[in-house]
Amino acid sequence: MPESDCLFCKIRDGLIPAKVVYQDEHCLAFEDINPQAPTHVLFIPRKHIATVNDITAEDRELVGSLYMGAAKVARERGFADTGYRVVMNTQRDAGQTVFHIHLHLLAGRTLHWPPG
């Protein structure tokens, strides 16, 4: 999928509105429009990367920033001690519906295992 057709690239570029909760030089985070937990925030890299399979060695810092941002938001919202989940789905069978990598931060309720 070209960047011009990517939903998350359009959000990144301000073409589609989103409730932004965090951003830094590498990533942008916003509330999920179909939350699966009381807190459900998506962290996307500013660079378009379709799937985890497409991450390169040069993307290490960028991908790490997604996790650092998620930990920061979890701390700010009071979930660092009680717990939260971060998930990145890869390809359709794993539930990836937007082909721009994104990290889900889920918190605010007891999360069961296995996730489904």
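Before any of the text, the structure's been laid out above.
Residues numbered from 1 in each chain as written. Predicted model: local features only at pLDDT ≥ 70, side-chain atom pairs only at ≥ 80, totals over all residues. Heavy atoms only, no water.

Notes on the pattern of salt bridges
(1) Moving on: Scanning the entire structure with this criterion turns up four salt bridges.
(2) Moving on: Between Arg12 and Asp13 there is a salt bridge, with its nearest N and O atoms 2.8 Å apart.
(3) Moving on: On the basis of relative accessible area, Arg12 is assigned to the buried category, the value being 18%.
(4) Moving on: Lys47 is paired through a salt bridge with Asp59; the nearest N and O atoms lie 2.7 Å apart. Taken together, the residues Lys47 in the loop between β3 (39-45) and α2 (60-76) and Asp59 in the loop between β3 and α2 connect sequence positions twelve residues apart.
(5) Moving on: Judged by relative accessible area, which is 3%, Asp59 ranks as buried. (Salt bridge = Lys/Arg side-chain N within 4 Å of Asp/Glu carboxyl O. Buried < 20%, exposed > 50% of the residue type's maximum accessible area, 1.4 Å probe, protein only. Helix = DSSP H or I, 4+ residues; strand = E, 2+ residues; numbered from the N terminus.)

Quick look at the nonpolar core
(1) Moving on: Tyr22, Phe43, Leu66, Ile101, Leu103 and Leu105 are the most contacted members of the largest nonpolar core, which has 18 residues in total.
(2) Moving on: Mapped by element, the contributors of at least two residues to this core are β2 (27-31), β3, α2 and β5 (103-107).
(3) Moving on: With six residues, α2 is the largest single contributor of residues to this core.
(4) Moving on: In contact with Tyr22, not counting residues within four places along its chain, are Cys27, Leu28, Ala29, Phe43, Gly69, Lys72 and Val73.
(5) Moving on: The next biggest cluster of nonpolar side chains, apart from the first, holds nine residues, and it includes Cys6, Cys9, Ile11 and Leu42. (Core = buried A, V, L, I, M, F, W, Y, C linked by side-chain atoms within 4.5 Å. Contact = heavy atoms within 4.5 Å.)

What about the pairing of strand β1 (residues 20-23)?
(1) Moving on: Both β1 and β2 contribute to a ladder of three bridges, which runs antiparallel. Paired with Val20 across the strands is Phe30, a residue of β2.
(2) Moving on: Following β1, the chain reverses through three residues before pairing antiparallel with β2. (Pairing = 2+ DSSP bridges.)

Things to note about the side chain of His102
(1) Moving on: Position of His102 relative to the elements: it lies in the loop between β4 (85-87) and β5.
(2) Moving on: We classify His102 as buried; its relative accessible area is 6%.
(3) Moving on: Polar side-chain contacts of His102 include one of 2.8 Å to the backbone oxygen of His100.
(4) Moving on: At 3.5 Å, the side chain of His102 and the side chain of His104 are in polar contact.
(5) Moving on: Apart from the residues lying within four places of it in its own chain, the contact partners of His102 are Phe8, Leu42, Phe43, Ile44, Val87, Met88 and Gln96. (Polar contact = N/O pair within 3.5 Å; in protein donor to acceptor, adjacent residues only side chain to side chain.)

Spatial relationships are all this shows, so hold off on functional conclusions.
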